[in-house]
Amino acid sequence: MKLLILGGTGRLGKELLVEAIKRGHVVHALVRDPDRLPFHSDQLVPFEGDPRNLEELSRSIKSCQAVISALNISRTSDFPWSRLRTPKDFLSQTIENLVFLSEENLIERVVICSAWGVGDSLKEIPFWFRWLIRNSNIGPAYKAHEAQEEHLRASKLKWTAVRPVGLTQATQTKVVLVSSNGHPKPNLTISRRNVARFMLDILEQGRFVYQTPTIFE
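A brief report on the enclosed structure follows.

Basis of the calculations
Residues numbered from 1 in each chain as written. Predicted model: local features only at pLDDT ≥ 70, side-chain atom pairs only at ≥ 80, totals over all residues. Heavy atoms only, no water. Pairing = 2+ DSSP bridges. Helix = DSSP H or I, 4+ residues; strand = E, 2+ residues; numbered from the N terminus. Axes fitted to C-alpha atoms, helices over the stretch in contact; angles between N-to-C directions. Contact = heavy atoms within 4.5 Å. Buried < 20%, exposed > 50% of the residue type's maximum accessible area, 1.4 Å probe, protein only. Lys, Arg positive; Asp, Glu negative; His and termini not counted. Salt bridge = Lys/Arg side-chain N within 4 Å of Asp/Glu carboxyl O. Patch = residues over 30% accessible without salt bridge, like charges linked within 9 Å, V, L, I, M, F, W, Y side chains within 5 Å. Areas by Shrake-Rupley, 256 points an atom, 1.4 Å probe, with all protein chains shown as cover. Arc of directions from axis to C-beta. 1 Å grid on protein atoms, 1.4 Å probe; cavity = no way out; pocket = protein on both sides within 12 Å on 5 of 7 lines; lining within 4 Å. Points joined across faces, edges and corners; volume = space filled by probe spheres on them. Nonpolar A, V, L, I, M, F, W, Y, C, P; charged D, E, K, R; others polar. Polar contact = N/O pair within 3.5 Å; in protein donor to acceptor, adjacent residues only side chain to side chain.

1. Side note on the sheet that holds strand S3 (residues 44-48)
Then comes step 1: Strand order in the open sheet formed by 8 strands is S3-S2-S1-S4-S5-S6-S10-S8, and the pairing between neighbours is mixed. Each edge of the open sheet is held by one strand with a lone partner, namely S3 and strand S8 (177-179). On average, adjacent strands in this sheet sit at an angle of 25° to one another, irrespective of strand direction.
Then comes step 2: Set on the sheet, helix H6 (residues 192-205) makes contact with strand S1 (2-6), strand S4 (66-69), strand S5 (109-113), strand S6 (158-164), S8 and strand S10 (214-216); between it and S5 the angle comes to about 165°.

So this is what it looks like as structure tokens:
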């Protein structure tokens, strides 16, 4: 397929790029700084821009068949109280633009990375994690993911919002497990590499449409 990947210079986005190219897909990557892309390939077409800019997103989505988003509300460090680096409405603006452009560009399928603890999965996460969401700068990201999921539900897109547990940089390939309504009880971590594999698997196989699977290892 020809895919648009958003967030291709982030830690998950880089794994998505590598895996998509390895599988033979042609990838459009809309990024603020193309020099930060992890590699060059004939299958990788970089576009410089911001997905909140409708014109820049429109250029990058042309001729694509599906969209995968690894975008998030980022902070200046992994410390929970570090200041936000992206606007709180970054994800909502991007999804609104994507929904608007999808019909004229014949895009039907969208897979995004959300998070365990978003929406109805909040009740499933440990109490200390709920406290962090309420009391630290982790919270805005969860609210943003919830908002983008709501935009997708209201759209005509065939969407999936993948909700991984805590992300790690482990490189070992493992079986990705799916939890529904807290059953089975998820482990607390999953590697970004395995999240990328799962997102591409369900895109290619047409699985989990209109669903929010919680995934873990």
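Read on, since the account is not over.
2. Comments concerning the side chain of Glu124
Then comes step 1: Position of Glu124 among the secondary structure elements: in the loop between S5 and helix H4 (127-135).
Then comes step 2: Salt bridges are absent for the buried Glu124, whose nearest opposite-charge side chain, Lys123, sits at 4.3 Å.
Then comes step 3: Non-local contacts of Glu124, meaning those with residues more than four positions away in its chain, are made with Trp116, Asn181, Gly182 and Thr214.

3. Comments concerning a nonpolar patch on the surface
Then comes step 1: Taken together, the side chains of Phe79, Trp81 and Trp131 define a hydrophobic patch exposed on the protein surface, amounting to about 350 Å² of accessible area.
Then comes step 2: With respect to the secondary-structure elements, Phe79 resides in the loop between S4 and helix H3 (90-102).

4. What to know about H4
Then comes step 1: Considered for burial, the residues of H4 that qualify are Phe129, Leu132 and Ile133. Seen from one end, H4 has its buried residues packed into an arc of 100°, which puts them on one side. Of the exposed residues in H4, those oriented more than 90 degrees away from the buried face are Phe127 and Arg134.
Then comes step 2: Packed against the buried residues of H4 are helix H5 (139-153).

5. Thoughts on the layout of surface pockets
Then comes step 1: Reported here for the largest pocket is a volume of approximately 1,400 Å³.
Then comes step 2: If you go around the largest pocket, you meet 44 residues; those closest to its centre are Arg11, Asn72, Ile73, Ser74 and Arg192.
Then comes step 3: Of all the elements in the fold, those that place two or more residues in the lining of the largest pocket are helix H1 (11-22), strand S2 (26-31), H4, H5 and strand S7 (166-168).
Then comes step 4: Split into classes, the residues belonging to the lining of the largest pocket amount to 22 nonpolar, 13 polar and 9 charged.
Then comes step 5: Computed from the structure, the second largest pocket encloses a volume of approximately 210 Å³.

6. Observations regarding helix H2 (residues 54-61)
Then comes step 1: Restricting attention to buried positions, one finds in H2 the residues Leu57, Ser58, Ser60 and Ile61. What you see down the axis of H2 is that its buried residues fit within an arc of 165°, all on one side.
Then comes step 2: Of the surrounding elements, those touching the buried residues of H2 are S1, S2, S3, S4 and H3.
Then comes step 3: At the N-terminal boundary of H2, the capping side chain belongs to Asn53, with an oxygen 3.1 Å from the backbone nitrogen of Glu55.
Then comes step 4: Once H2 ends, the next one or two residues include Ser63, with phi positive near 70°.

7. Description of unusual backbone geometry
Then comes step 1: Between His183 and Pro184 the backbone carries a cis peptide bond, its omega angle lying at -10°.
Then comes step 2: Mapped onto the fold, Pro184 is located in the loop between S8 and strand S9 (189-191).
Then comes step 3: Of note, Ser63 is a non-glycine position whose phi angle comes to about 70°, a positive value.
Then comes step 4: Along the chain, the position of Ser63 falls in the loop between H2 and S4.
Then comes step 5: Even without being a glycine, Tyr210 presents a positive backbone phi close to 60°.
Then comes step 6: You can see Tyr210 is positioned in the loop between H6 and S10.
Then comes step 7: A relative accessible area of 48% means that Tyr210 is categorised as partly exposed.

8. Things to note about the pattern of salt bridges
Then comes step 1: Under the criterion given, the structure shown has 14 salt bridges.
Then comes step 2: One salt bridge in this structure joins Glu19 and Lys22, with 3.2 Å as the shortest N-O distance. Of this pair, Glu19 and Lys22 both sit in helix H1, 3 residues apart, which is roughly one turn of the helix.
Then comes step 3: With a relative accessible area of 11%, Glu19 lands in the buried category.

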